[in-house]
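Residues per chain are reported as follows:
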Amino acid sequence: MVEIRRDSAVRLVSDLMQRMASAILVLNTSGIITFANPVAADLLGASSDALVSQPGKRFLPEALLKLSGHLQQRETAVHDINGRAIPVSLSMTPIKNGSDNWKLIAMTNLAEVQRANDALYHTQRLAGVGTLTASVAHELTNPLSIITATCSNLIHEVDSDNLDAEMLLHYIHMIEQSAWRSARIVEVLRHYTHDAGLQTAVTSLNMIIEDALTLMKPQFVKEYNVSIHTDLAQDLPSIVCDHNRITQVLINLLGNARDAMQPDAGAVHVKTWAMPPNQAQAGGQLAFSVRDEGPGIPPALLEQIFEPFFTTKPSGTGTGLGLFIARELVEQHNGRIWAENHPDGGALFTVVLPQKQ
Ligand code: ADP
């Protein structure tokens, strides 16, 4: 009776291993493969029958086979039957078979994981485009109705010969502002939907800051009476990222810092630094922050400000897309962005990016 139960349990386990989505190998005490499921056969390029009786070290790193304990999810490379290296995530569990110590090895092909992640990202992106398109249609209604209403007013005033130069300028100004707003909304959507993908390269975070400041500084100083102070860490290691996109993030943050201090003068503080090493992020992380001397952000809004079309700026000046796009760009780099209020006043935005993608 016990024998029968044991037999059916063994059959059940074997059946389960056959159907697992991971590649499974079982090695005996001498390191010989005694079981290979179809996914393992596919991964290693030989049939399950051909794999059984082969030495495990032909396919698996020898150093790993010497370990006797449990091994959790290690990224490594195995070799297929033709000696081609395949990157995998591998875990190993010791199993007792009588007095023998066997090993159960589970592997996932990392290229497949990457393909699945890309597909997921694409799906999320499409979902984002859907949400954004619906909101854009809604947001465009307002400036477009201002334009049509102003034009019909203009026609009416011209017809009744009632238009002086000041009034004309006022109408033109209203049309210009609304047209600008519409164009900006459409441009952002175009940028978002026709995204060519990340163009990553080795670059310098401090250089990205300098680039953004070159674009923004003259206008800050001359038109807005806002000064910019930098505290850029020297000897920062290089970073792999999309230079233009991170410049765009900075431009969006600087524009907001400038606006937050109007109509008064003030200073914006831009800082870069290397994050202390962190076990979870093996490759290291770099960070930058933008702080202003404006009124800060009401605590209840600290998360909401990243939502599309959330703006507190006067009609015609804000689109509510700057921070939404900034977060999108940072997350494309597997980074993080958040807002808080500085203890000395003003808003503080911090961006942390992995050094390598
Ligand atoms: P927009 O600038 O077009 O309003 P954003 O997405 O860039 O769109 O910003 C959304 C909102 O977040 C702003 O309208 C403002 O209320 C708030 N905000 C952003 N940056 C700051 C800042 N530095 N200080 C205070 N509030 C800010």
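Scroll up to find the structure.
Residues numbered from 1 in each chain as written. Predicted model: local features only at pLDDT ≥ 70, side-chain atom pairs only at ≥ 80, totals over all residues. Heavy atoms only, no water.

## Notes on the pattern of salt bridges
Here is step 1 of the chain: A full pass over the atoms with the stated rule returns five salt bridges.
Here is step 2 of the chain: In this structure, R84 engages D80 in a salt bridge whose closest nitrogen and oxygen atoms are separated by 3.3 Å.
Here is step 3 of the chain: R84 gets classed as exposed once you look at its relative accessible area, which sits at 55%.
Here is step 4 of the chain: With a relative accessible area of 6%, D80 lands in the buried category. (Salt bridge = Lys/Arg side-chain N within 4 Å of Asp/Glu carboxyl O. Buried < 20%, exposed > 50% of the residue type's maximum accessible area, 1.4 Å probe, protein only.)

## What about the site of the ligand?
Here is step 1 of the chain: The full set close to the ligand counts 19 residues, and D292, T311, T312, K313 and T319 are the nearest of them.
Here is step 2 of the chain: The contact in question runs from an oxygen atom of the ligand to an N or O atom on the backbone of G320, over 2.8 Å.
Here is step 3 of the chain: One of the backbone nitrogen or oxygen atoms of L323 is found 2.8 Å away from an oxygen atom of the ligand.
Here is step 4 of the chain: With the chains in place, 91% of the 530 Å² that the ligand exposes on its own is no longer accessible.
Here is step 5 of the chain: Breaking the shell around the ligand down by element, the ones donating at least two residues are α8 (243–260), α9 (322–332) and β12 (347–354).
Here is step 6 of the chain: When residues of the shell around the ligand are assigned to their parent elements, the largest contribution, three residues, is made by α8. (Near = heavy atom within 4 Å. Polar contact = N/O pair within 3.5 Å; in protein donor to acceptor, adjacent residues only side chain to side chain. Areas by Shrake-Rupley, 256 points an atom, 1.4 Å probe, with all protein chains shown as cover. Helix = DSSP H or I, 4+ residues; strand = E, 2+ residues; numbered from the N terminus.)

## Overview of the packing of helix α7 (residues 205–224) against α8
Here is step 1 of the chain: Packing of α7 against α8 leaves a shortest axis separation of 9 Å and a crossing angle of 30°. By the angle between their directions, the pair α7 and α8 is classed as roughly parallel. Read as a crossing pair, α7 and α8 show a hand that is right-handed. Residues M207, I208, I209, D211, A212, L213, L215, M216, Q219, F220 and Y224 of α7 form the contact with α8, whose participating residues are H243, I246, T247, L250, I251, L254, G255 and R258.
Here is step 2 of the chain: Looking at the contact of α7 with α8 residue by residue, the classes come out as 13 nonpolar, four polar and two charged. (Axes fitted to C-alpha atoms, helices over the stretch in contact; angles between N-to-C directions. Parallel < 35°, antiparallel > 145°, perpendicular 65-115°, else oblique. Left-handed = near helix turned anticlockwise from the far one by under 90°. Contact = heavy atoms within 4.5 Å. Nonpolar A, V, L, I, M, F, W, Y, C, P; charged D, E, K, R; others polar.)

## Describing the sheet that holds strand β3 (residues 71–79)
Here is step 1 of the chain: Reading across the sheet, the five strands line up as β2-β1-β5-β4-β3 and stay open at both edges, with antiparallel pairing between neighbours. With one partner strand each, in any of the chains shown, β2 (33–36) and β3 form the two edges of the open sheet. The sheet shows a mean angle of 30° between the axes of neighbouring strands, taken without regard to direction.
Here is step 2 of the chain: One ladder, built from three bridges, connects strand β1 (residues 23–27) with β2; its direction is antiparallel. Along β2, the bridge assignment pairs L25 with A36. (Pairing = 2+ DSSP bridges.)

## With respect to the sheet that holds strand β10 (residues 285–291)
Here is step 1 of the chain: Spatial strand order, β7-β9-β10-β12-β11: five strands in an open sheet with mixed pairing. Only two strands of the sheet have a single neighbouring strand rather than two, namely β7 (226–232) and β11 (336–341). The mean angle between the axes of side-by-side strands here comes to 15°, regardless of whether they run parallel or antiparallel.
Here is step 2 of the chain: Bridge analysis of β10 against β12 gives seven bridges, and the strand direction is antiparallel.

## Digging into the side chain of N109
Here is step 1 of the chain: Mapped onto the elements of the fold, N109 is located in strand β5 (residues 100–109).
Here is step 2 of the chain: If we ignore the near neighbours within four places in the chain, the residues touching N109 are L43, I86, P87 and V88.

## Examining the nonpolar core
Here is step 1 of the chain: Core analysis: the largest hydrophobic core is formed by 45 residues, its most contacted members being V249, L253, L254, V268, F288, F349 and V351.
Here is step 2 of the chain: Residue contributions to this core peak at seven residues, all from α7.
Here is step 3 of the chain: A23, A36, F59 and M92 belong to the second-largest nonpolar core, a separate cluster that totals 23 residues. (Core = buried A, V, L, I, M, F, W, Y, C linked by side-chain atoms within 4.5 Å.)

## Some thoughts on the packing of aromatic side chains
Here is step 1 of the chain: Counted according to the given criterion, the structure contains one aromatic pair.
Here is step 2 of the chain: Judged by centre distance (6.4 Å) and plane angle (70°), the rings of F306 and F349 are edge-to-face. Of this pair, F306 sits in the loop between β10 and α9 while F349 sits in strand β12; the two residues are 43 residues apart in sequence, bridging distant segments of the chain.
Here is step 3 of the chain: F349 sits in the buried class, given a relative accessible area of 8%. (Phe/Tyr/Trp six-rings, centres within 6.5 Å; stacked < 30°, edge-to-face > 60°.)

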